[in-house]
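Inside the fold
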Amino acid sequence: MQDEEVPESELIRVRRDKLARIIDLGFDPYPTRADIDQTIEDVVAKYGGKSAQELEAEKPHVKIAGRILTIREFGKTAFLVLSEKTARIQAYCRKDALSEREWLLYQNLDAGDWVSVEGTVFRTKTNELSVKVQHLNFLAKALRPLPGKWHGLTDVEQRYRQRYVDLIVNDDVKRIFETRARIVRYIRTYFDTHNFIEVETPMMQPIAGGAAARPFVTHHNALDIDLYMRVAPELYLKRLIVGGMSRVYEINRNFRNEGIGYRWNPEFTMLEFYWAYADYKDLIELTEDLLNGLVREVKGSETVTWRGAEISFRRPFPKFTMKEAIARFSKGDISLNGLGDRDNLVKLVKKFGEHRPVTADGTEPPKGTPVPEIASMNEGKLLAELFESIAEEHLINPTFITDFPVEVSPLSKQRRDDPRYVERFELFIGGMEIANAFSELNDPDEQARRFQQQVSERERGDEEAHRVDDDYVRALEYGMPPTAGEGVGIDRLTMILTDSPTIRDVILFPLMRPR
RNA sequence: GGGCCCGUAGCUCAGUGGUAGAGCAGCUGGCUUUUAACCAGUUGGUCGUAGGUUCGAUCCCUACCGGGCUCACCA
């Protein structure tokens, strides 16, 4: 970055000089520990509610540490705002209350430095909770200056690239990741208490299966084989169901070699779980229960605001079939009847569908790569295409979409009453797909046929078509009980629950082009 | 990859075809209950990079680099 080109900028040099003076005063520049008896959070929690009179009577003695955020200086007095996590407290330093050595230390401090202070808690004239410092000690120097206190750190790129600076300055960032941790903790507890067992399955796979997506490729030297970063844990988790584990879940990273956008990061976190003896209708119940409970736990209410929209998690969530959603959100342009006819679907996709670029993937295709034509798409794909371009963005409140076509659902069980469709739903919130769930196809012969179908899709140029996994078919041949499975996007869910407009706000270190 | 926009001091931003300015931060001085503290003074920039037009470019043009939004692929 620019600092590496100018390693000794004036500001850094000044701070190095101050550090040298601090060492001259006999302070350890990098002490091994800090002598504290509580955190700033503790002090605020214990004394934040007490009045000046109560504190005057009690004179609580505390030893705390934190980072100096700002210094306000008054000659022989100063106020240091100390920060730790999202808690803040003001330290009041007086020359006559400190030793000469400590006062000289104070004079060589900068915003950003870490210090520990010992003193009594009181309130100033302006009623600010403060610590009257009796002893000041040095913990670490910030050689680089903090961003300005007025505007803070607003440069979007630097916020993501140097998240540590973002965290120092922007309290909201810490709160978002605290909320994210609470979300994950709630989900873990939910599944643990429902007798699911948490497992971990391979991130590096010889075949990237379980989702329609393009994978990252890597290489194992000793075996001299290419491996794929997983796009989903699905096929491994179902192998565990075959093995008799009955209820499993995994919260972990998936990797998809695709674009980056406000709701897409190349690596993202999914909850995926499988539940033997249940079907997709049971999953609807479970999903409503899980999310409703989660939102009430995290937000203390059944509604949240996201990007200015009110989103209600009140049960039951609305439910539409895919065709109903298309008809409903086409503003009368499309009737349910019109969706049964393939020729008509082609016309509709051409009219309402997103205009595809010349290439299928938006980047330079290898020479001779076939491009999927709307005219050659099967009926199911046309329907799904139409749904995505017409209905998806309107599904703001949590909404289940059911009756997916079998052609776009290679791992789902067909409906008994109409095998053109599968027992599957996706849950949309804020116009984003949050969950995808279905009754798992457990007929090995049918699964083999579906894989073959995907192969021909791939040959027709669909690079996201599912790959054949022979060992998975073999696993099914050992017998998998009726099972329902679901994946939930944790990052997107966190976006909704933290009112974050982009996925990069809920991922600590989102992927950036290296500099 | 396409479209639109952006890149000037550590931060946030002005600005002009004649080689730059403000506030904050920094530094110096003053100030023993302030909180965007205040007052006075002061340091600091090869104006993203490389070419081109021009007597002369930070400003105009081109390319490149980086970023944002958006579209596409996709969850």
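Located above this text is the structure these notes cover.
Residues numbered from 1 in each chain as written. Chains lettered and ligands numbered in written order. Predicted model: local features only at pLDDT ≥ 70, side-chain atom pairs only at ≥ 80, totals over all residues. Heavy atoms only, no water.

Now for the overall build of chain A. Within chain A, the secondary structure is distributed over 16 helices and 18 strands. Counting only C-alpha atoms, chain A reaches 85 × 50 × 50 Å along its principal axes. A total of 515 residues make up chain A; the buried ones form 50% of that total. The contacts in chain A between residues at least 6 apart in sequence include a share of 69% that link residues at least 24 apart. Accessible surface, chain A as shown: approximately 25,400 Å² in total, 50% of it carbon and sulfur. When the 73 basic and 85 acidic side-chain charges of chain A are each reduced to a single mean position, those positions are 5 Å apart. (Helix = DSSP H or I, 4+ residues; strand = E, 2+ residues; numbered from the N terminus. Buried < 20%, exposed > 50% of the residue type's maximum accessible area, 1.4 Å probe, protein only. Contact = heavy atoms within 4.5 Å. Areas by Shrake-Rupley, 256 points an atom, 1.4 Å probe, with all protein chains shown as cover. Lys, Arg positive; Asp, Glu negative; His and termini not counted. Charge placed at Lys NZ, Arg CZ, Asp CG, Glu CD.)

Along the chain, Arg315 connects to Pro316 via a cis peptide bond; the corresponding omega equals -5°. Looking at the element boundaries, Pro316 is found in the loop between strand S13 (309-312) and strand S14 (319-321). In this model, Asn195 sits at a positive phi of 65°, which is unusual for a non-glycine residue. With respect to the helices and strands, the residue Asn195 is situated in the loop between helix H8 (171-193) and strand S6 (197-198).

Attention now goes to the pattern of salt bridges. Summed over the entire model, instances satisfying the criterion amount to 36 salt bridges. We note a salt bridge from Lys18 to Asp110, for which the minimum N-O separation is 2.6 Å. You can see Lys18 sitting in helix H2 (residues 10-24) and its partner Asp110 sitting in the loop between helix H5 (100-107) and strand S4 (114-123), a full 92 residues away along the chain. We note that Lys18, like Asp110, is buried. Residue Arg239 pairs with Asp469 through a salt bridge whose shortest N-O separation is 3.1 Å. Placement of the pair is Arg239 in helix H9 (residues 234-242) and Asp469 in the loop between helix H14 (444-459) and helix H15 (470-477), with a sequence separation of 230 residues. Overall, the relative accessible area of 16% leaves Arg239 in the buried class. Asp469 sits in the buried class, given a relative accessible area of 5%. (Salt bridge = Lys/Arg side-chain N within 4 Å of Asp/Glu carboxyl O.)

Let us now look at the environment of Thr124. Here Thr124 is to be found in the loop between S4 and strand S5 (129-140). Exposure remark for Thr124: the relative accessible area of 16% places this residue in the buried category. With 29 residues separating them in the primary sequence, Thr124 and Leu153 have C-alpha atoms 29 Å apart.

Quick look at the pairing of strand S2 (residues 77-84) now. Counted residue by residue, S2 has eight buried out of eight residues, so it is predominantly covered. Where strand S1 (residues 61-73) meets S2, six bridges bridge the pair, whose relative direction is antiparallel. When the sheet's bridge partners are listed, Ile68 is paired in S2 with Leu82. Where S1 hands over to S2, the hairpin turn is made up of three residues, of which Gly75 adopts a positive phi near 75°. In this sheet, strand S3 (residues 87-94) lies alongside S2 in antiparallel orientation, the contact comprising eight bridges. If you follow Val81 over to S3, its bridge partner there is Gln90. The hairpin formed by S2 and S3 contains two residues between the paired strands, and Lys85 there has a positive phi angle of roughly 50°. (Pairing = 2+ DSSP bridges.)

Moving on, we get to the pairing of strand S9 (residues 225-229). Across two bridges, the pairing between strand S7 (residues 204-205) and S9 is antiparallel. Residue pairing in the sheet places Met204 in a bridge with Met229 of S9.

Closest axis-to-axis distance for the H9/H15 pair is 9 Å, and the angle between their directions is 20°. Here H9 is positioned roughly parallel relative to H15, judged by the angle of their axes. In the packing of H9 onto H15, the handedness of the crossing is left-handed. Where H9 abuts H15, its residues Leu235, Lys238, Arg239 and Val242 lie against Asp471, Tyr472 and Ala475. Split into classes, the residues belonging to the contact of H9 with H15 amount to four nonpolar, no polar and three charged. (Axes fitted to C-alpha atoms, helices over the stretch in contact; angles between N-to-C directions. Parallel < 35°, antiparallel > 145°, perpendicular 65-115°, else oblique. Left-handed = near helix turned anticlockwise from the far one by under 90°. Nonpolar A, V, L, I, M, F, W, Y, C, P; charged D, E, K, R; others polar.)

Packing of H8 against helix H16 (residues 490-498) leaves a shortest axis separation of 10 Å and a crossing angle of 120°. By the criterion of interaxial angle, the relationship of H8 to H16 is oblique. Crossing geometry of H8 relative to H16 is assigned as right-handed. Only Ile490, Asp491, Leu493, Thr494, Leu497 and Thr498 of H16 make contact with H8, whose side of the interface consists of Ile176, Thr179, Arg180, Ile183, Val184 and Ile187. Split into classes, the residues belonging to the contact of H8 with H16 amount to seven nonpolar, three polar and two charged.

The tendency in soluble globular proteins is for nonpolar side chains to be buried as a group. Membership of the largest hydrophobic core comes to 47 residues, with the highest contact counts inside it found for Ile187, Phe191, Leu271, Leu291, Phe313 and Ile496. Top element by residues in this core is helix H10 (residues 280-299). It accounts for nine residues. Those residues in contact with Ile496, other than ones at most four positions away along the chain, are Val304, Thr305, Trp306, Ile311, Phe313, Ile429, Gly430 and Met432. Ile22, Leu55, Leu82 and Leu105 belong to the second-largest nonpolar core, a separate cluster that totals 31 residues. (Core = buried A, V, L, I, M, F, W, Y, C linked by side-chain atoms within 4.5 Å.)

The next subject is helix H3 (residues 40-47). All buried positions along H3 are accounted for by Ile40, Val43 and Tyr47. One side of H3 carries all its buried residues, which in axial view fall inside an arc of 60°. The elements touched by buried residues of H3 are helix H4 (52-58), S1, S2, S3, S4 and S5. (Arc of directions from axis to C-beta.)

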